Amino acid sequence: MNLMDRFKERARKAGKTIVLPEGTDDRTLKAANAAVKEGVFKPVVLGNPDKISKRCEELGIEMNFEVLDHLKADFFDKYAEFYYQKRKAKGITKEEAEEIMKDPLFFGAMMVEDEKADGSVAGALNTTAHTVRAALHIIGTKPGSKTVSSFFLMITQNPAFGVDGAMLFADCAIVPNPTAIQLAEIAIDTADNCKKFLEVEPKVALLSFSTKGSANHPDVDKVREALEYIKTRRPDIVVDGELQADAAIVDSVGKKKAPGSPVAGNANVLIFPDLDAGNIGYKLTQRIGNAAAIGPVLQGLNKPCNDLSRGCSWQDIVDTGVLTVIQTL
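Rules used throughout
Residues numbered from 1 in each chain as written. Predicted model: local features only at pLDDT ≥ 70, side-chain atom pairs only at ≥ 80, totals over all residues. Heavy atoms only, no water. Salt bridge = Lys/Arg side-chain N within 4 Å of Asp/Glu carboxyl O. Helix = DSSP H or I, 4+ residues; strand = E, 2+ residues; numbered from the N terminus. Buried < 20%, exposed > 50% of the residue type's maximum accessible area, 1.4 Å probe, protein only. Patch = residues over 30% accessible without salt bridge, like charges linked within 9 Å, V, L, I, M, F, W, Y side chains within 5 Å. Areas by Shrake-Rupley, 256 points an atom, 1.4 Å probe, with all protein chains shown as cover. UniProt positions renumbered as here; feature names shortened; annotations may be inferred. Core = buried A, V, L, I, M, F, W, Y, C linked by side-chain atoms within 4.5 Å. Domains from an automatic or database assignment. Phe/Tyr/Trp six-rings, centres within 6.5 Å; stacked < 30°, edge-to-face > 60°. Lys NZ or Arg CZ within 6 Å of the ring centre and 35° of its normal. Lys, Arg positive; Asp, Glu negative; His and termini not counted. Charge placed at Lys NZ, Arg CZ, Asp CG, Glu CD.

**Q** Can you walk me through the pattern of salt bridges in this structure?
**A** Oppositely charged side chains are able to pair whenever their charged atoms sit close together. Scanning all chains against the criterion turns up 21 salt bridges. A salt bridge links Arg 234 to Asp 192; the nearest nitrogen and oxygen atoms lie 2.9 Å apart. Pair noted here: Arg 234 is in the loop between helix H9 (218-233) and strand E8 (238-243) and Asp 192 is in helix H8 (residues 180-198), with a separation of 42 residues, a long-range link. By relative accessible area, which is 32% here, Asp 192 ends up partly exposed. Where Asp 240 meets Lys 212, a salt bridge forms, and the shortest distance between an N and an O atom there is 2.5 Å. Here the residue Asp 240 occupies a position in strand E8, and Lys 212 occupies one in the loop between strand E7 (203-207) and H9, the gap between them amounting to 28 residues. When its relative accessible area of 5% is taken as the criterion, Asp 240 is described as buried. According to the relative accessible area criterion, Lys 212 is partly exposed, its value standing at 42%. Each member of the salt-bridge network shares a partner with another, and the members are Lys 8, Glu 38 and Asp 319.

Okay, here's the thing in C-alpha cells:
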C-alpha cells in the first residue's frame with residue numbers, strides 16, 4: 001500500500017466533511033463524485049443544485065453528493081453579520097460584508113469556522129492569493145502563530161531519504177522572504193505536520209549555503225536565529241542548522257560536515273531559507289529526481305483550508321481533500 005492509499009484509509013475511518021466551493025467547475029463535480037464513491041470524505045459542493053444536477057448528467061456522473069446553494073442558505077445572513085463584526089474595524093460596511101459572503105470561497109471558509117465542515121479545498125478557479133485571503137479573513141492563524149505557509153510532501157523513489165523516500169519541504173509556495181521568526185514558525189508547523197502525516201518523529205534541517213559556520217553572511221545569521229527561536233519555543237523538536245542540503249540528507253556527508261548533529265544525514269523535513277530556494281528545490285526534485293510532489297498544503301491556519309493549482313485535475317482535488325482530512329486528525 002503506497003502512502004496516498006494509507007492516507008485514504010485513514011480518511012475513510014475519520015468520516016470528515018470537506019466543502020468544495022467551486023461548484024461551477026467540472027473537476028470539482030467529478031472530484032465530489034469520486035470522493036463519495038471512494039468514501040474518503042463527505043463533500044459539500046457550493047452552487048445551484050439545478051445547474052449542478054444538469055451538468056452532472058451531461059458529464060455522465062451521478063450527483064451523489066450534497067449541494068448547497070449558499071446564496072439561499074438559511075445561515076447566509078448570520079455569516080454576513082459575523083464577517084461584518086469581524087472586519088468592521090477594517091472599514092467593512094454591512095453591505096460590503098453581504099457582497100463578500102456571496103463569494104463561495106469566503107462562504108466555504110465560514111462553514112469551516114462554523115464547524116459545518118471540517119475543512120475546505122479551493123483554487124481550481126481562483127488564485128492562491130484569493131484562496132489564502134478568504135481563509136485568513138475568516139479563520140485566521142492558529143494561536144501563537146502569525147505565519148501562514150505551506151509544505152509539499154515529496155515522495156522520492158529512493159527509500160534511503162527521509163521516511164522510505166518521503167520528506168516534507170517548506171515553504172515552497174507562500175512566504176517569499178521569511179524573517180527568522182517566520183522561518184522558525186514554518187519549521188515548527190512543518191515538524192508537526194511531519195508527525196501527523198508520516199507518523200514519525202520529525203528531524204528538521206534548516207537549510208543554507210553554509211554548514212555550521214562554513215560561511216558567514218546575514219542570510220546565514222537568519223537561519224541561526226531561527227534555530228535558537230525553535231529551541232526556546234519547542235525544545236521537543238529535533239532540529240539543527242545551518243545545514244547544506246547534502247549534509248542534511250546524505251549520512252556520510254552529514255557525519256563529515258556536522259559531526260554530532262542529531263539531524264545531519266537523516267533529515268525528513270527540509271526548511272528552505274526563502275521562497276526562491278524552496279520553489280526551485282521542490283521542482284528540481286520533482287522533475288529531475290522524478291519525485292511525486294503533493295501540495296502545497298497550507299499550514300499555520302487555525303482550521304484547515306487548502307489551495308489547488310488552477311491546472312489541477314479532479315484527482316488532485318480528491319487527493320487534496322484527503323490531505324485536508326489528515327490535517328484534522
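From this point on, the discussion continues.
**Q** How should a nonpolar patch on the surface be read in this particular structure?
**A** The grouping of Ile 280, Leu 284 and Ile 288 at the surface amounts to a nonpolar patch, some 330 Å² of accessible area in total. Considering the arrangement of structural elements, one finds Ile 288 in the loop between helix H12 (275-287) and strand E10 (292-299).

**Q** Is there a simple way to think about the UniProt feature "domain: Phosphate acetyl/butaryl transferase" (unreviewed entry) in the protein chain in this case?
**A** Taking the numbering used here, the UniProt-annotated feature "domain: Phosphate acetyl/butaryl transferase" (unreviewed entry) corresponds to residues 3-325. In residues 3-325, helix accounts for 46% and strand for 16%; the two terminal C-alpha atoms are 15 Å from one another.

**Q** Whenever I open this one, the nonpolar core confuses me. Can you help?
**A** Across soluble globular proteins, you tend to see nonpolar side chains buried next to one another. The biggest cluster of nonpolar side chains holds 56 residues, and the ones touching the most others in it are Phe 7, Phe 65, Leu 153, Val 204, Leu 206, Ile 271 and Ile 317. Among the elements that take part in this core, H8 stands out by supplying nine residues, more than any other. Both domains that meet at this core, namely domain 1 (3-140 + 302-328) and domain 2 (149-293), each give it at least three residues.

**Q** Would you mind showing me how to read the packing of aromatic side chains here?
**A** Think of a pair of aromatic rings as described by two things: how far the centres are apart, and how the planes are tilted against each other in angle. For the structure shown, the criterion picks out nine aromatic pairs. Measuring from ring centre to ring centre gives 5.0 Å for Phe 75 and Tyr 79, while their planes differ by 50°; the resulting arrangement is tilted. On the basis of relative accessible area, Phe 75 is assigned to the buried category, the value being 18%. A ring pair is formed by Tyr 83 and Phe 106, whose centres lie 5.9 Å apart and whose planes are at 90°; its orientation type is edge-to-face. In this pair, Tyr 83 sits in helix H4 (residues 76-87) while Phe 106 sits in helix H6 (residues 104-113), placing the two residues 23 residues apart along the sequence. Among the aromatic residues, those joined into a ring-pair cluster are Phe 75, Phe 76, Tyr 79 and Phe 107. Seen from the ring of Phe 75, Lys 116 lies directly overhead, with NZ or CZ sitting 4.6 Å from the centre.

**Q** Can you help me understand a negative patch on the surface in this one?
**A** A contiguous patch of negative charge, built from Asp 77, Glu 81, Glu 95, Glu 96 and Glu 98, is present on the exposed surface. Of all elements in the fold, only H4 and helix H5 (94-101) reach the threshold of two or more residues within the negative patch. In terms of residue count, H5 provides more of the negative patch than any other element does, three residues in total. Note on placement: Glu 98 falls in helix H5. With relative accessibility at 40%, the residue Glu 98 sits in the partly exposed group.

**Q** In this structure, what is going on with unusual backbone geometry? I would like to understand it.
**A** Negative phi is the rule for most residues except glycine; trans is the rule for most peptide bonds. Put simply, Gly 241 and Glu 242 share a cis peptide bond, and its omega is -5°. With respect to the secondary-structure elements, Glu 242 resides in strand E8. A cis amide bond links Gly 295 to the next residue, Pro 296, at an omega of 5°. Phi is positive for Glu 115, which is not a glycine, with a value near 65°. Here Glu 115 falls in the exposed class, since its relative accessible area comes to 66%. Although it is not a glycine, Asn 290 sits at a positive phi angle of roughly 55°. For Asn 290, the location among the structural elements is in the loop between H12 and E10.

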